[in-house]
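Structural characterization, general
Here are the chains, one letter per residue:
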Amino acid sequence: MGNLTFAIIKPDAVRAGNTGNIIQRINDAGFKLRAMKTLHLTQREAEGFYAVHRERPFFAGLTEFMSSAPCVVMVLEKDRAVKAWRDLMGATDPAKADEGTLRKEFGASVGENATHGSDSDENAAIEIAYFFSQLELV
Ligand code: IDP
Ligand code: MG
């Protein structure tokens, strides 16, 4: 599982028309796209996905945002995929993200920051299974 991670192109980036640009960057960085689909989460589904954050003050805003418009969910493959994808995304707050990262380029704020990435192999497996069946991983 160490070579897989779970990624989302969040509603802000989809709405802004940056889906294609972000997929191009994923491709250029050498990730293999194992699965991808567009979907519009319900607030309940967003709450399930972000359940670890339910006590945080931003939880209601986060789940409302994540269910506000369609997003693109993906399974990415690369050596040490979790770290590689987090490096490409950059810091959670786009204002603090390094030049050349996706959140620096496409993120607007700490909440609306264009992309999601798993933070561990264990959570990658859980997040992949939340959105995809084994049969959907090519
Ligand atoms: P990560 O996405 O870089 O792993 P987490 O701390 O896991 O960051 O937070 C999950 C998501 O919650 C962030 O990507 C962002 O959309 C949102 N978020 C995190 N911290 C804040 C905050 O302080 N205010 C508003 N939204 C936040
Ligand atoms: Mg996180």
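Please refer to the structure higher up on the page.
Structural notes, computed from the coordinates. In this text, all values refer to a predicted model and were calculated from it rather than measured experimentally.

On to the overall build of the chain. From N to C terminus, the chain includes 7 helices and 4 strands. In the chain, the order of α-helices and β-strands from amino to carboxyl end is β-α-α-β-α-α-β-α-α-β-α. Here the C-alpha radius of gyration of the chain, 14 Å, is about what a compact globule of 138 residues would show, namely 14 Å. Taken over the C-alpha atoms alone, the chain extends approximately 35 × 35 × 25 Å along its principal axes. Split into buried and exposed, the 138 residues of the chain put 45% on the buried side. Taking the contacts inside the chain whose residues are at least 6 apart along the sequence as the reference set, 75% of them involve residues at least 24 apart. One way to put it: in the chain the 16 positive side-chain charges average out to a point 1 Å from where the 19 negative ones average out.

Below, the discussion takes up the nonpolar core. Residues Phe6, Ile8, Met66, Val73, Val75, Phe131 and Phe132 are the most contacted members of the largest nonpolar core, which totals 19 residues. Counting only elements with at least two residues in this core, the list comes to β1 (4-9), α3 (43-49), α4 (59-66), β3 (71-77) and α7 (121-131). With 4 residues, α4 is the single largest residue contributor to this core. Apart from residues lying up to four places away in sequence, Phe6 is in contact with Phe49, Val73, Met74, Trp85, His116, Gly117, Ser118, Ala124, Glu127, Ile128, Phe131 and Phe132.

Glancing now at the site of ligand 1. Taken together, the neighbourhood of ligand 1 is formed by Lys10, His53, Phe58, Leu62, Arg86, Thr92, Arg103, Val110, Gly111 and Asn113. One of the side-chain nitrogen or oxygen atoms of Thr92 is found 2.5 Å away from an oxygen atom of ligand 1. Between an oxygen atom of ligand 1 and a main-chain N or O atom of Gly111, the distance comes to 2.8 Å. The cavity that encloses ligand 1 is the largest pocket.

For the rest of this paragraph, the subject is the pattern of salt bridges. Evaluation of the coordinates by the stated rule reveals 5 salt bridges. Among the salt bridges present, the one from Arg34 reaches Glu77, with a minimum N-O distance of 2.7 Å. Remark: Glu77 occurs in strand β3 and Arg34 occurs in strand β2 (residues 32-39); sequence separation between them is 43 residues. Across this residue pair, the class does not change: Arg34 and Glu77 are buried. Residues Lys104 and Glu99 are paired through a salt bridge, measuring 3.8 Å at the closest nitrogen-oxygen approach. On the basis of relative accessible area, Glu99 is assigned to the exposed category, the value being 67%.

What follows deals with α7. Every buried residue belonging to α7 is among Ala124, Glu127, Ile128 and Phe131, and all of these are buried. Buried residues of α7 fall within an arc of 100 degrees about the axis and therefore sit on the same side. What points out from α7, more than 90 degrees from its buried face, is the exposed set Glu122, Ile126 and Ala129. Residues of α7 that are buried in the fold lie against β1, β2, α3, β3, α5 (81-89) and β4 (115-117).

Attention now moves to the sheet that holds β2. Taking strand neighbours across the sheet as the criterion, the 4 strands line up as β2-β3-β1-β4 in an open arrangement whose pairing is antiparallel. Two strands in the sheet have a free side with no partner beyond their single neighbour: β2 and β4. The average undirected angle you get between the axes of adjacent strands in this sheet is 20 degrees. Here β1 runs beside β3; their pairing, made up of 6 bridges, is antiparallel. Paired with Ile8 across the bridge in β3 is Val73.

Conventions used here
Residues numbered from 1 in each chain as written. Chains lettered and ligands numbered in written order. Predicted model: local features only at pLDDT ≥ 70, side-chain atom pairs only at ≥ 80, totals over all residues. Heavy atoms only, no water. Helix = DSSP H or I, 4+ residues; strand = E, 2+ residues; numbered from the N terminus. Rg over C-alpha atoms; globule rule 2.2 N^0.38 Å. Buried < 20%, exposed > 50% of the residue type's maximum accessible area, 1.4 Å probe, protein only. Contact = heavy atoms within 4.5 Å. Lys, Arg positive; Asp, Glu negative; His and termini not counted. Charge placed at Lys NZ, Arg CZ, Asp CG, Glu CD. Core = buried A, V, L, I, M, F, W, Y, C linked by side-chain atoms within 4.5 Å. Near = heavy atom within 4 Å. Polar contact = N/O pair within 3.5 Å; in protein donor to acceptor, adjacent residues only side chain to side chain. 1 Å grid on protein atoms, 1.4 Å probe; cavity = no way out; pocket = protein on both sides within 12 Å on 5 of 7 lines; lining within 4 Å. Sits in = over half its atoms within 2 Å of the grid points. Salt bridge = Lys/Arg side-chain N within 4 Å of Asp/Glu carboxyl O. Arc of directions from axis to C-beta. Pairing = 2+ DSSP bridges. Axes fitted to C-alpha atoms, helices over the stretch in contact; angles between N-to-C directions.

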